[in-house]
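Read off the chains here:
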Amino acid sequence: MVAHPLSASARARKELEALKLALAEKDEAALRLLSERYAHRQGPKALQILIRKLASTEEIATFWQLQLLPKEIPKVEISYTEFTQEEVTQEELIQEEIIEVEISQQPPLEIKARSEVARRLRGWLPSWDGPLRQAS
């Protein structure tokens, strides 16, 4: 036999009963879980109204609200690395060497331009195999 899904109003009544039970038993985990689910579905303002409605005393309302606060977040130690002037200078020298090597490996602009012209001319003139010679 297949169970039929609960209607929205039946589900809301069931969650409200579970919230009342968690509040009566002071079950912190259930209270937090059910409250977050309620706030997700109904909104945080609706949860505040529900807290005022269901909490019989100020002490119970405070207990409930304390369960909704985020748990303590561990502090993370942040350390900053300070570079000495010598390390910065070494880094700059390495960058300069890399740039010089890249420049020295590139062919001169004239060679690049001539090879580009030759490549384009080969596409237009299939029989062309180099610069034209002038007849003297």
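Here, the structure is the one placed above.
None of these values were measured; they are calculated from a predicted model.

Quick notes on the rules
Counting restarts for each chain: residues are numbered from 1 in the order of the written sequence. At least 70 in pLDDT is required for a residue's local features to be given in this predicted model, at least 80 for side-chain atom pairs to be given and counted, and no such filter applies to totals for whole chains, interfaces and linings, which use all residues. Hydrogens and water molecules were not included; the side-chain quantities draw on all heavy atoms of the structure. Pairing of aromatic rings covers Phe, Tyr and Trp, the last through its six-membered ring, and needs centres within 6.5 Å; plane angles under 30 degrees mean stacked, over 60 mean edge-to-face, and all others mean tilted. Two conditions define a charge sitting above a ring: the NZ of Lys or the CZ of Arg must be within 6 Å of the ring centre, and it must be within 35 degrees of the ring normal. By definition, no residue in a patch forms a salt bridge, and every one has over 30% relative accessible area; like charges are joined within 9 Å, nonpolar side chains (Val, Leu, Ile, Met, Phe, Trp, Tyr) within 5 Å. Shrake-Rupley sampling with a 1.4 Å probe provides the accessible areas, and residues are treated as covered by the protein chains on show and by no other component. Whenever Lys or Arg places a side-chain nitrogen within 4 Å of a carboxyl oxygen from Asp or Glu, that contact is recorded as a salt bridge. The convention is simple: Lys and Arg are positive, Asp and Glu are negative, and His and the chain ends are not counted. A single reference atom marks each charge: NZ on Lys, CZ on Arg, CG on Asp, CD on Glu. Under the scheme used here, helices are H or I runs from DSSP no shorter than 4 residues and strands are E runs no shorter than 2 residues, and both carry numbers assigned from the N terminus. Put simply, buried Ala, Val, Leu, Ile, Met, Phe, Trp, Tyr and Cys residues joined by side-chain atoms within 4.5 Å make one nonpolar core. Residue exposure (1.4 Å probe, protein chains only): buried if accessible area is under 20% of the type maximum, exposed if over 50%, otherwise partly exposed. What makes two residues a contact is simply this: any of their non-hydrogen atoms within 4.5 Å. Grid points spaced at 1 Å and placed over the protein atoms alone form the basis of the search, with a cavity being a set where a 1.4 Å probe fits but cannot get out and a pocket an open set showing protein on both sides within 12 Å along at least five of seven lines. Lining residues have an atom within 4 Å of a point. Grid points are joined across faces, edges and corners, and a volume is the space filled by probe spheres set on the points. Residue polarity is assigned by list, with Asp, Glu, Lys and Arg as charged and Ala, Val, Leu, Ile, Met, Phe, Trp, Tyr, Cys and Pro as nonpolar; anything else, Gly included, falls into the polar class.

Observations concerning the packing of aromatic side chains
(1) Moving on: Under the definition given, this model contains zero aromatic pairs.
(2) Moving on: Note that K26 overlies the ring of F63, its terminal NZ or CZ placed 5.3 Å from the centroid.

A few points about a negative patch on the surface
(1) Moving on: A cluster of acidic side chains, namely E91, E92, E96 and E97, defines a negative patch on the protein surface.
(2) Moving on: The residue E92 is located in helix α5 (residues 85–105) in this model.

As for the nonpolar core
(1) Moving on: Counting 14 residues, the largest nonpolar core has L19, L31, L47, L50, I51 and W64 as its most contacted members.
(2) Moving on: The set of elements that each furnish at least two residues to this core consists of α1 (8–25), α2 (28–42), α3 (44–54) and α4 (58–68).
(3) Moving on: No other element matches α2, which puts four residues into this core.
(4) Moving on: Among all residues touching L19, those that are not within four sequence positions of it are L31, L34, S35, L50 and W64.

Structural notes on the layout of surface pockets
(1) Moving on: As a volume, the largest pocket reaches approximately 180 Å³.
(2) Moving on: Those elements that place two or more of their residues in the lining of the largest pocket are α1, α2 and α3.
(3) Moving on: For the lining of the largest pocket, the element with the most residues is α1, which contributes five residues.
(4) Moving on: Class assignment of the residues belonging to the lining of the largest pocket gives a composition of seven nonpolar, one polar and four charged.

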